[in-house]
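Here's the letter readout for the chains.
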Amino acid sequence: MTEIAGGFEDPSADVLAAAAAAFGLLASSSRLHLMWALSQGESDVTHLADRVGGALPAVSQHLAKLKLAGLVRSRREGRRQIYYIDDPDVVTLVRVMVVQLTARSQQAPTAVHRLRGIGG
């Protein structure tokens with residue numbers, strides 16, 4: 001890591017690559033919706049599919065990717081798999097971004113629409 005002004009150090013290339021991969025997963029509105037739902041509390045795949053309006057197989061695939069990336073975890077409860085976010089910082093990140101963009105969209109809707117074309 002290289003130290004820069006303000007006392008912060010640049011992260012390693014591996015850390016930046018891992019962060020980019022995690023943000024890449026969250027770049028999907030479907031996966032972000034799942035993360036938003038899970039930031040409100042744990043749930044099984046059936047309830048998540050109902051909440052986000054997705055097909056059960058697609059929601060399961062999204063959850064598998066999020067789990068593989070370490071963004072969500074699961075536990076077995078009888079016959080159901082219960083998904084949850086185990087990292088409070090991830091919960092905070094998702095909540096802050098969604099809440100901020102919601103507030104911006106209410107103040108200046110065109111600013112939020114412009115963001116859609118910028119990503120990539």
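Whatever comes next refers back to the structure up there.
Residues numbered from 1 in each chain as written. Predicted model: local features only at pLDDT ≥ 70, side-chain atom pairs only at ≥ 80, totals over all residues. Heavy atoms only, no water.

Draft legend 1. Summary view of helix 4 (residues 56-68). When the terminal C-alpha atoms of helix 4 are compared, their 18 Å separation across 13 residues agrees well with the 18 Å that a helix rising 1.5 Å per residue should span. All buried positions along helix 4 are accounted for by V59, H62, L63 and L66. Across the axial projection of helix 4, the buried residues extend over an arc of 100°, all falling on one side. Across helix 4 from its buried face, at more than 90 degrees, point the exposed residues P57, Q61 and L68. On its buried face, helix 4 is in contact with helix 1 (13-26), helix 2 (29-39), helix 3 (45-52) and strand 3 (80-84). Immediately downstream of helix 4, the backbone of G70 shows phi near 85°, a positive value. (Helix = DSSP H or I, 4+ residues; strand = E, 2+ residues; numbered from the N terminus. Expected span 1.5 Å × (residues − 1). Buried < 20%, exposed > 50% of the residue type's maximum accessible area, 1.4 Å probe, protein only. Arc of directions from axis to C-beta. Contact = heavy atoms within 4.5 Å.)

Draft legend 2. The arrangement of the nonpolar core in detail. Among the nonpolar cores identified, the biggest contains 19 residues, and M35, L48, L63 and L66 are the most heavily contacted of them. Elements with a minimum of two residues in this core: helix 1, helix 2, helix 3, helix 4 and helix 5 (88-107). At four residues, helix 2 tops the list of elements feeding residues into this core. In this structure M35 touches L26, L66, L71, V72, I85, V90 and V94, once residues within four positions along its chain are discounted. (Core = buried A, V, L, I, M, F, W, Y, C linked by side-chain atoms within 4.5 Å.)

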